[in-house]
Amino acid sequence: MSRLNRGLSAVLLLGAVASVVAQPQPIWPAPDLPGVSKGKVEAYWIGPYVRLSEARIGKRGATMVTWFNEDGTIKRQADVRSTEPGFVTTITRRFPEALIRSRFAPDFVRQSAYRNVVQGVNADWKIVLPNKTGPSGYITFTSTPDSRVFVHESHPKQSQIALDIYVHGKLASVVGPFPQYDGEDVHLSDDGSAALIVWKDETEKTAQLVVLNSEGKVSFRVDCHHPDHSLIAAPGGAGALLGPNTGGANQNTFLWYTREGNLRSLDISPNPHCVGWIPDSRKSLFSTSVGFDDRFRLIDWDAGKSLWDIACPGDNGRALAIGLMPRLVVFAVGELYRPGSWRGAQWVLREGQKEWIRAFYAVRIEDGSLVARWQACFPQRFCTGDRYSFLRLDSKLFFITPDEVTELSEEEIMSKKNGWK
């Protein structure tokens, strides 16, 4: 993930953890109106009680985020430059625009004319980021999806990396600088734990794994093999997974490191992707895939073995999103809708288009067996641009669509209430 950030000067595209894994075959909707569009507004939810609105006229647009109180009143609003999982950014001027653009402006005005301001999406904080300059020429911002931890990565000197780590919007620690390893950046997990590979010293002969806990403190440093990549920090900074960047037969082998070093390794094939960690555990969920069909494996890294391996629930073979709970894994899927004789195959859809119906499957952490299923009453067409994700805030799990945010309950699922069967 971190390699996608190289060259960006403002934000890190994250993916996460509650994370979007895949979608059904997309069907683009037909235009709603004839003619040339002269203006369009789109609004959708990006968190519980947080709505993003985008207005576009021609090639120009404006984006506003609105935070609501639980009673529906507006808490605050902000015009934003960009939005990312966990935070939004704005650019503010430190000096009048006329002075900034003047050819007589001093160098310090030009160099620090603008400042980045970030705000939490799911937490009430605002950070005015200090200007970080250095020969490497780029900085990186990233946050946990719940907005609890925000990381400002910088490069004070050539081939160095340093981290400013904010917890609840307050600077909690400064980590580094370290000799940067092969251009690698920090990798942040959903609970706020993080990992990065650095050189042990300036001789650049020994690689080290640095693991941080969810409070931004160094949990441990340990020598590791290199070249390595695919860093994934475990909850609480208890350990981290590394994938060897060697290709060949070992390309899908993950190495489990703790403060004791490399304890074990496990091949996870084919085409592995870490979905996330079961909360407060050392168990991680991986997806594997062949073609368009996904399977899911839960790995216990303390034991170094798979606890279970199941196909993606439902008949589509892929998930819209996956939510992780202490006792359950919840799959949101889109299943092909099969209308009854009363509806007719071409009731409202153009020929060749299909409708999907949303369903949820909950499986047990212990053995991957099905606990309960929930299905929507009506079908719909899913589009590529649609946004579906799970978000964990403290002990609560939310499912977010463009139109609605719902809170899921383990007890409700286990007892099969409110539509769960």
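The coordinates are above.
Nothing here was measured: the structure is a model prediction, and the numbers come from that model.

Sorry, what's going on with the overall build of the chain here?
Of regular secondary structure, the chain possesses 3 helices and 32 strands. Split into buried and exposed, the 421 residues of the chain put 49% on the buried side. Counting contacts in the chain only where the partners sit at least 6 residues apart, residues at least 24 apart contribute 45% of the total. On the chain, roughly 21200 Å² of surface is accessible, and the fraction owed to carbon and sulfur atoms is 50%.

In this structure, what is going on with the environment of Val-405? I would like to understand it.
Of note, Val-405 is situated in strand E32 (residues 405-408). Between the C-alpha atom of Val-405 and that of Tyr-388, which follows or precedes it by 17 residues, the distance is 9.9 Å.

What is the right way to look at the sheet that holds strand E22 (residues 273-277) in this model?
Remark on secondary structure: sheet strands pair via backbone hydrogen bonds, oriented parallel or antiparallel. Strand order in the open sheet formed by 4 strands is E22-E23-E24-E25, with antiparallel pairing between adjacent strands. Each having just a single partner strand, E22 and strand E25 (305-311) make up the two edges of the open sheet. Here the strands of the sheet are splayed against their neighbours by 25° on average, with no regard to which way each runs. Pairing geometry for strand E23 (residues 283-290) and strand E24 (residues 293-300), over 8 bridges, is antiparallel. Counterpart to Lys-283 in the pairing with E24 is Asp-300.

Help me understand the side chain of Thr-89, please; the structure alone is not making it clear to me.
Note that Thr-89 resides in strand E7 (residues 87-93). According to the relative accessible area criterion, Thr-89 is buried, its value standing at 1%. Polar side-chain contacts of Thr-89 include one of 2.5 Å to the side chain of Ser-82.

Help me understand the packing of aromatic side chains, please; the structure alone is not making it clear to me.
Any aromatic ring pair is given by two values, namely how distant the centres are and how the planes are angled relative to each other. Counted under the stated rule, the structure contains 15 aromatic pairs. Both rings, one in Trp-256 and one in Trp-301, keep their centres 6.1 Å apart while their planes meet at 25°; by these two values the pair is stacked. Of this pair, Trp-256 sits in strand E20 (residues 253-258) while Trp-301 is found in the loop between E24 and E25, placing the two residues 45 residues apart along the sequence. For the pair formed by Trp-256 and Trp-301, the shared burial category is buried. Ring-pair connections join several aromatic residues into one group, and the members of that group are Phe-87, Trp-125, Phe-141, Phe-150 and Tyr-166. Between Arg-387 and the ring centre of Tyr-44, over which it is positioned, the NZ or CZ distance is 3.7 Å.

Would you take a moment to explain the side chain of Asp-164 for this structure?
Residue placement: Asp-164 occurs in strand E12 (residues 160-167). With relative accessibility at 7%, the residue Asp-164 sits in the buried group. Discounting residues that sit within four places of it in the chain, Asp-164 has contacts with Lys-132, Phe-150, Val-151, His-152, Leu-171, Ser-173 and Val-174.

Would you mind showing me how to read the sheet that holds strand E30 (residues 389-393) here?
Ordered in space as E30-E31-E32, the 3 strands form an open sheet in which the pairing is antiparallel. Edge positions in the sheet fall to E30 and E32, since each has one partner strand and no second. Between one strand axis and the next, the sheet turns by 30° as a mean value, whatever way the strands run. The pairing of E30 with strand E31 (residues 396-400) spans 5 bridges and is antiparallel. Its bridge partner lying in E31, Phe-390 is registered against Phe-399.

Help me understand the environment of Ser-284, please; the structure alone is not making it clear to me.
The topology assignment puts Ser-284 in strand E23. On the accessibility criterion, Ser-284 (0% relative accessible area) is buried. Spatially, the C-alpha atoms of Ser-284 and Ile-299 are 5.4 Å apart, while their sequence positions differ by 15 residues. In this structure, Ser-284 is in contact with Leu-241, Cys-274, Gly-276, Trp-277, Arg-297, Leu-298, Ile-299 and Trp-301, ignoring residues within four places of it in sequence.

Would you mind going over the pairing of strand E29 (residues 370-375) with me for this structure?
Moving residue by residue along a regular strand, the side chains alternate between the two faces of the sheet. Alignment of strand E28 (residues 356-364) against E29, held across 5 bridges, turns out to be antiparallel. In the strand pairing of E29, Ala-359 is matched with Gln-375. In sequence, E28 turns back onto E29 through a hairpin of 5 residues, with Gly-368 there showing a positive phi of about 75°.

I tried to follow the pattern of salt bridges on my own but got confused; where do I start?
A side chain of one charge can pair with a side chain of the opposite charge if their charged atoms are brought near each other. This model, assessed by the stated rule, comprises 11 salt bridges. The partner of Arg-387 in a salt bridge is Glu-42, with the nearest N and O atoms 3.5 Å apart. Here the residue Arg-387 occupies a position in the loop between E29 and E30, and Glu-42 occupies one in strand E2 (residues 40-47), the gap between them amounting to 345 residues. Residue classification places Arg-387 among the partly exposed positions, given a relative accessible area of 32%. Residue classification places Glu-42 among the partly exposed residues on the basis of a relative accessible area of 36%.

Could you clarify how one ought to interpret the pairing of strand E5 (residues 74-80) in this entry?
Pairing of strand E4 (residues 60-68) with E5 involves 6 bridges; the strand directions are antiparallel. Opposite Trp-67, over in E5, you have Arg-76 as the bridge partner. What sits between E4 and E5 in their antiparallel hairpin is a turn of 5 residues, with Gly-72 showing a positive phi close to 95°.

Please explain unusual backbone geometry as it appears in this structure.
Backbone geometry follows two general trends: most residues other than glycine have a negative phi, and most peptide bonds adopt the trans configuration. A cis amide bond links Gly-176 to the next residue, Pro-177, at an omega of 10°. Relative to the elements of secondary structure, Pro-177 occurs in strand E13 (residues 170-179). A cis amide bond links Ser-269 with the next residue in sequence, Pro-270, at an omega value of -5°. Along the polypeptide, Pro-270 turns up in the loop between strand E21 (261-267) and E22.

Basis of the calculations
- Residues numbered from 1 in each chain as written.
- Predicted model: local features only at pLDDT ≥ 70, side-chain atom pairs only at ≥ 80, totals over all residues.
- Heavy atoms only, no water.
- Helix = DSSP H or I, 4+ residues; strand = E, 2+ residues; numbered from the N terminus.
- Buried < 20%, exposed > 50% of the residue type's maximum accessible area, 1.4 Å probe, protein only.
- Contact = heavy atoms within 4.5 Å.
- Areas by Shrake-Rupley, 256 points an atom, 1.4 Å probe, with all protein chains shown as cover.
- Pairing = 2+ DSSP bridges.
- Axes fitted to C-alpha atoms, helices over the stretch in contact; angles between N-to-C directions.
- Polar contact = N/O pair within 3.5 Å; in protein donor to acceptor, adjacent residues only side chain to side chain.
- Phe/Tyr/Trp six-rings, centres within 6.5 Å; stacked < 30°, edge-to-face > 60°.
- Lys NZ or Arg CZ within 6 Å of the ring centre and 35° of its normal.
- Salt bridge = Lys/Arg side-chain N within 4 Å of Asp/Glu carboxyl O.

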